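Close look at the chain arrangement
Chain by chain, the residues run as shown.
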Amino acid sequence: MPTIFVVDDDEMVLSSLRAYFSLSTDYAVACFSDPWRACAELGRTPADVVISDYLMPGLNGIDLLKEARRLQPDAARILLTGFADKENAIRAINEAGLYQYIEKPWDSEQLLIVIRNALQERSLRRELGEKVRVLDRLVREHSELAERHSHLEKDLAMAEQALASLLPSRMPAIDGISIDAYHRPCRHLGGDFYDFADDGDRTALLLGDVSGHGAQAALICALLKASFQEAATSACGPAELLAQMNAALFRFLPAGMYVAGAVLWLERREPGIRLSNAGLPYPFVLRCAEPRTDEIPIAGLPLGMFPGYGLEPYQVRPVHLEHGDVLLIASDGLGDIVNRHGELFQDRELKRALSELRGLSGSELIAGLVERAARFQQGEQLPDDVTLLAVGRT
C-alpha cells in the first residue's frame, strides 16, 4: 500500500485531501500541519510521495522537500503553490528535485493522476533497477557471454568516440579572455555537453546537462548541439538563444526528458559577459582582488519542459570580470559527488575548495576542483556526469 505524506499548515486542506484520498484510493495518508514534525517522521517512516504546501510558518515547502530528498531520495516530491510563487517553484525544480508543482486551487482528480503517475514511474524504476542487477549477475556468472560482452564494449567505444566528436576540439581565442572546459561522463555514455558559437564579433558558450544517462541522453546531445548552433545564428543575446532552443527541444525531446543549461554571451566590442540560466546550479565568480567568491543567483526552467518560449522569459545577468577573476559554471554532477559516508561535495567541500583556489587561472581552477573532488569521492562511483566551464579575465 503506497504511503503519501501531506504537509500543509491549513487544517482544512489536510482534511479535504485526507477525505478525498480515503474515498478514492487505498493509500495510507499521513497528514502534518507542522513541517518539522513531518521531517522527523520522514526520518522514521518510508514514504512514496511527499506533497507540501510552499507557504508555511517555520519551514517553507522548498526546504521541506529538500530535506525529504535527503532523507528519502526515491520518494516523489510535489509542491503546491499559488501563481505568485512560480519563482519559488522554479527554485524547487532546481534545488529539491521536484517531480511536479501544482498551482492552487488544484483539481483533486488531476492531483490524483499526478500521484499515480509518480508511483508508476517509481515502480518502473525499481523494476528496471532489479533487472539491471540481474543482468549484471548473469554477465558475471556466465562466461559464454564474454564474446557478446566484447562486441558490446566495441559498440560502446564507437559510441563514445561519436559523442566526443560533438565536443569542440578547442575553445575560442578571445583577447584578454581565457576559456577552459572539463568533461567526464559517469558511464561510457553521458548526457553532459558543452559547445560554442563564434562569428568573429560575438561568442556564445553553452553548458548543457541532459536528464538521464546512457545512449538516449548521448543521442539528445546531438540534438542539443544542432539546436544551439542554429539558434546562435539569429539570437541577439543569451535569453533569446535559450528561448529558441527551448522551443525546438520541446518539439523533439521524448516525454519526460529535459535539458538544464546555461549560456554565456561575449561581445567583442562590449566589456563584460551576459549570462542566462535554464536550470543549472548557480554559477560562481572567483574575485582575485577582493578576495571573495560570489554566487550568482539566476534561475530558469530547464529546456524542453514547456512549449513555445517557456512560461517566463529567461533572465539575463551581466557579469563584470576584473583581471584575474574567473567565472565558473558546473553541471550538478560536481556538487552531487558523494563520499563513502553519503556526504555531498556541495555540502562539505565545494565552497571551501573555491575559496582556496581563488586567484588561479581557469585551467588551474578546474584542475584543482577535479583533484579535490576525486579526493573527496574516495573511489566511489560518480553518480552523474561532471562538466565544468571556466571563463577568466587575463
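The structure we're discussing is the one just above.
Since we're looking at a predicted model, the values are computed, not measured.

This part is about the overall build of the protein. Helices and strands together make up the secondary structure of the protein, namely twelve helices and 15 strands. Here the protein, with 394 residues, has 48% of them falling under the buried criterion. A total of about 19,400 Å² of accessible surface is found on the protein, and carbon and sulfur atoms cover 52% of it.

Let us now look at the nonpolar core. With 52 residues, the main nonpolar core has Leu205, Leu241 and Leu264 as its most contacted residues. With residues up to four places along the chain from it excluded, the contact list for Leu241 reads Ala204, Phe228, Ala231, Ala232, Ala235, Val263 and Trp265. Counting 24 residues, the second-largest nonpolar core is a separate cluster that includes Phe32, Met56, Leu64 and Tyr101.

This paragraph deals with empty space enclosed by the protein. This structure, assessed with the given rule, holds one cavity of 30 Å³ or more. Put simply, the largest cavity is a space of about 80 Å³. Around the largest cavity, the lining residues are Tyr182, Arg184, Leu334, Ile337, Val370, Ala373, Ala374, Gln377, Leu382, Val386 and Leu388. Secondary-structure elements contributing two or more residues to the lining of the largest cavity are β6 (177-184), α12 (362-377) and β15 (386-393). Element by element, the count of residues in the lining of the largest cavity is highest for α12, at four residues. For the lining of the largest cavity, the residue count by class is nine nonpolar, one polar and one charged.

The geometry of helix α11 (residues 350-357) relative to α12 is characterised by a closest axis approach of 10 Å and an angle of 140° between their N-to-C directions. Classified by the angle between their axes, α11 and α12 sit oblique to one another. You can see that α11 and α12 cross each other, and the crossing is right-handed. Residue-level contacts link Leu350, Ala353, Leu354, Glu356 and Leu357 of α11 to Leu365, Gly368, Leu369 and Arg372 of α12. Taken together, the residues of the contact of α11 with α12 break down into six nonpolar, one polar and two charged.

Calculation notes
- Residues numbered from 1 in each chain as written.
- Predicted model: local features only at pLDDT ≥ 70, side-chain atom pairs only at ≥ 80, totals over all residues.
- Heavy atoms only, no water.
- Helix = DSSP H or I, 4+ residues; strand = E, 2+ residues; numbered from the N terminus.
- Buried < 20%, exposed > 50% of the residue type's maximum accessible area, 1.4 Å probe, protein only.
- Areas by Shrake-Rupley, 256 points an atom, 1.4 Å probe, with all protein chains shown as cover.
- Core = buried A, V, L, I, M, F, W, Y, C linked by side-chain atoms within 4.5 Å.
- Contact = heavy atoms within 4.5 Å.
- 1 Å grid on protein atoms, 1.4 Å probe; cavity = no way out; pocket = protein on both sides within 12 Å on 5 of 7 lines; lining within 4 Å.
- Points joined across faces, edges and corners; volume = space filled by probe spheres on them.
- Nonpolar A, V, L, I, M, F, W, Y, C, P; charged D, E, K, R; others polar.
- Axes fitted to C-alpha atoms, helices over the stretch in contact; angles between N-to-C directions.
- Parallel < 35°, antiparallel > 145°, perpendicular 65-115°, else oblique.
- Left-handed = near helix turned anticlockwise from the far one by under 90°.

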